[in-house]
Amino acid sequence: DVAVVTGRTLRMAEGGGVVHRFVAELAAQAGLTVNVGPLPLAEVQAADEVFLTSTEAELIGVRSVDGRPVGAGGEGPVTRRLREAFRAATRGGPGILPV
């Protein structure tokens, strides 16, 4: 499932799985604005960060979309912090980390 970060807003595609929905909850707890709805390709390409969620991969940053770099072309700080918060919450760590 796809998610994009622009500024302090997390936009997520509709109908995501359990990991996707849990990441949305973590993002809201961390102070991000969370919007769920369609994600047009232009919005994904213009995002500061893009990541995918899945049961196996948890959160994985996207470096490029259609050959175009996303943000600085690497995993962004929000993606990294949300993955840390996810792992902490699912593995008994310190809890929500501010983003």
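The preceding data block contains the structure.
Throughout, residues of each chain are indexed from 1 in the direction in which the sequence is written. It should be noted that, the model being predicted, local features are given only for residues of pLDDT at least 70 and side-chain atom pairs only at 80 or more, the latter also being counted only at that level, while totals for whole chains, interfaces and linings use all residues. With hydrogens and water excluded, all non-hydrogen atoms of the structure serve as input to the side-chain values.

Brief notes about helix α1 (residues 18-29)
Alright, step 1. Under the DSSP-based scheme used, a helix requires at least four consecutive residues in state H or I and a strand at least two consecutive residues in state E, with every element numbered from the N terminus. Helix span, as expected, comes to 1.5 Å for every residue beyond the first. Along its 12 residues, α1 runs 17 Å from first to last C-alpha, staying within 8% of the 16 Å computed at 1.5 Å per residue.
Alright, step 2. Residues V19, H20, V23, A24, L26 and A27 constitute the buried set of α1. For α1, the angular spread of the buried residues around the axis is 165 degrees, confining them to a single face. α1 presents V18 and Q29 as exposed residues on the side facing more than 90 degrees away from its buried surface.
Alright, step 3. We call two residues in contact whenever any of their non-hydrogen atoms come within 4.5 Å of each other. Residues of α1 that are buried make contact with β1 (2-6), β2 (9-12), β3 (33-36), β4 (49-54), β5 (58-61) and α3 (77-91). The cut-offs for exposure are 20% and 50% of the maximum accessible area for each residue type, with area from a 1.4 Å probe on protein chains only; residues under the lower value are buried, those over the upper are exposed, and the others partly exposed. The directions from the helix axis to the C-beta atoms form the arc being described.

Considering the pairing of β1
Successive side chains on a regular strand alternate, one facing one side of the sheet and the next facing the other.
Alright, step 1. Bridging between β1 and β4 involves 4 bridges; their strand directions are antiparallel. Bridge pairing in β4 links A3 to F51.
Alright, step 2. At least two DSSP bridges between two strands are required for those strands to pair. Examined bridge by bridge, β1 and β2 share 4 bridges and lie antiparallel to one another. If you follow A3 over to β2, its bridge partner there is M12.
Alright, step 3. Here β1 folds back onto β2, and the loop between the two strands holds 2 residues, one of which, G7, carries a positive phi near 65 degrees.

Considerations on the nonpolar core
Alright, step 1. The definition of a nonpolar core used throughout is a set of buried Ala, Val, Leu, Ile, Met, Phe, Trp, Tyr and Cys residues joined through side-chain atoms within 4.5 Å. Within the largest apolar cluster, 16 residues are counted, with the highest numbers of intra-cluster contacts made by L10, M12, V23, F51, L59, L82 and F86.
Alright, step 2. Elements that contribute at least two residues to this core include exactly β1, β2, α1 and α3.
Alright, step 3. Per-element accounting of this core gives the leading share, 5 residues, to α1.
Alright, step 4. Apart from residues no more than four positions distant in its own chain, V23 is found in contact with M12, F51, T53, L59, L82 and F86.
Alright, step 5. Listed in part, the 8 residues of the second largest apolar core include V4, V44, V65 and V70.

Some points on unusual backbone geometry
Alright, step 1. Its identity as a non-glycine residue notwithstanding, E58 has a phi of 60 degrees, on the positive side.
Alright, step 2. Relative to the helices and strands, E58 is located in strand β5.
Alright, step 3. Despite not being glycine, D66 has its phi angle at roughly 55 degrees, a positive value.
Alright, step 4. Among the structural elements, D66 can be located in the loop between β6 (64-65) and β7 (68-69).
Alright, step 5. The exposure class of D66 is exposed, given its relative accessible area of 59%.

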